[in-house]
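Residue strings, one per chain:
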Amino acid sequence: MLGKAPRLSYSQNKEVYLLIDGTYFSNEICLVVYRDNIFKQTQLYRITDGEHYEELKEDLENILNLGIKIGGITCDGDKSLLKAIRKVCPKVPVQRCLVHIQRMCKIWLSAYPKSVAGFELREIVCKIHFIDHEIKKQYWIKEFLDWPEKHKEFLNEKSYSQETGRYWYTHKMVRRCFSVIRKALPNMFIFLQNHNIPKTTNAIESFFGHLKGNLNIHRGLTKSRRKKFIQWYLFYKNLKS
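The paragraphs below set out a description of the structure included in this document. (Residues numbered from 1 in each chain as written. Predicted model: local features only at pLDDT ≥ 70, side-chain atom pairs only at ≥ 80, totals over all residues. Heavy atoms only, no water.)

**Considerations on helix 2 (residues 79-88)**
Right, on to step 1. Of the residues making up helix 2, those classed as buried are L81, L82, A84, I85 and V88. For helix 2, the angular spread of buried residues about the axis comes to 160°, placing them on one side. Facing away from the buried surface of helix 2 by more than 90 degrees, the exposed residues are K79, R86 and K87.
Right, on to step 2. Where helix 2 is buried, its residues meet strand 1 (15-25), helix 1 (53-65), strand 4 (69-75) and strand 5 (94-96). (Buried < 20%, exposed > 50% of the residue type's maximum accessible area, 1.4 Å probe, protein only. Helix = DSSP H or I, 4+ residues; strand = E, 2+ residues; numbered from the N terminus. Arc of directions from axis to C-beta. Contact = heavy atoms within 4.5 Å.)

What follows is the structure, given as structure tokens:
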């Protein structure tokens, strides 16, 4: 059965709202999936060794060449993917995964920040997931943009090494957290304008988790057969949707 990979089949939808993400397996296998969030079907996938710009660009071009209209994209903010989207379909609304932003910022700030600035920024970060309409969004953005003004001296504080003569920002993790959100801000609340666009990639991460759970049952498969298993899995999942 695993000797020949099936051709992916799916319902022809006039417009799709894509969840795009990649996940990694052992044997240097990377699976990149383009999944429609409305009909829960994979529109296209690629089994490769990483998330590369040229491949992502080609995949998006292939989706459009199939006559599929992309109504929106939700992703975790991978630089190569964002670059490919800007090149192939720059007018498509792109939503950054809010859970991914929150998760990374909480790691950088830690559960119990030692500084007042870090504590306040963590509180701001924790509010992201509760924003569900425009008024909450505007209040949150104001609070976020007021924060660096309030803690300007803290953010600009530098440390110095007498051995190397080098300066660096003392509170790098707090600065990184703010910088990531500031850059993502234009694409954080696109879902408020179109409720077909999901605000997180949770659905596709759950999909990957189920795939890996099934694949782990067959730990003895060779690399080529693991790839075939993934292809068959995607094929059958589309049939059931």
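Alright, that's what it looks like, and here's the rest.
**Quick notes on unusual backbone geometry**
Right, on to step 1. Positioned with a positive phi, N27 is a non-glycine residue whose angle comes to about 65°.
Right, on to step 2. You can see N27 is positioned in the loop between strand 1 and strand 2 (29-36).
Right, on to step 3. The phi dihedral of K40 is positive, around 55°, even though this residue is not glycine.
Right, on to step 4. When you line up the elements, K40 lands in the loop between strand 2 and strand 3 (41-48).
Right, on to step 5. Judged by relative accessible area, which is 40%, K40 ranks as partly exposed.

**Focus: the nonpolar core**
Right, on to step 1. One finds W140, I181, M188 and F189 to be the most contacted residues of the largest nonpolar core, which totals 27 residues.
Right, on to step 2. Looking at this core, the elements with two or more residues in it are helix 3 (98-109), helix 4 (116-126), helix 5 (134-150), helix 6 (152-156) and helix 7 (172-184).
Right, on to step 3. When sequence neighbours within four positions are dropped, the list of residues in contact with I181 reads I101, C105, V125, W140, F144 and M188.
Right, on to step 4. Ranked by size, the runner-up nonpolar core spans 23 residues in total, among them I20, C30, L60 and V92. (Core = buried A, V, L, I, M, F, W, Y, C linked by side-chain atoms within 4.5 Å.)

**Some words on helix 4**
Right, on to step 1. Regarding helix 4, the residues found buried are A117, G118, E120, L121, R122, I124 and V125.
Right, on to step 2. Summarising the contacts, the buried residues of helix 4 are in contact with helix 3, helix 5, helix 6 and helix 7.

**Some remarks on the sheet that holds strand 1**
By definition, the strands of a sheet pair up through backbone hydrogen bonds, in either a parallel or an antiparallel sense.
Right, on to step 1. Read across the sheet, five strands follow the order 3-2-1-4-5 without closing on themselves; strand pairing throughout is mixed. Lying at the two open borders of the sheet, with one neighbouring strand each, are strand 3 and strand 5. Sheet twist, expressed as the average angle between the axes of neighbouring strands with direction ignored, equals 20°.
Right, on to step 2. As defined by bridge partners, strand 1 adjoins strand 2 across eight bridges and the pair is classed as antiparallel. (Pairing = 2+ DSSP bridges. Axes fitted to C-alpha atoms, helices over the stretch in contact; angles between N-to-C directions.)

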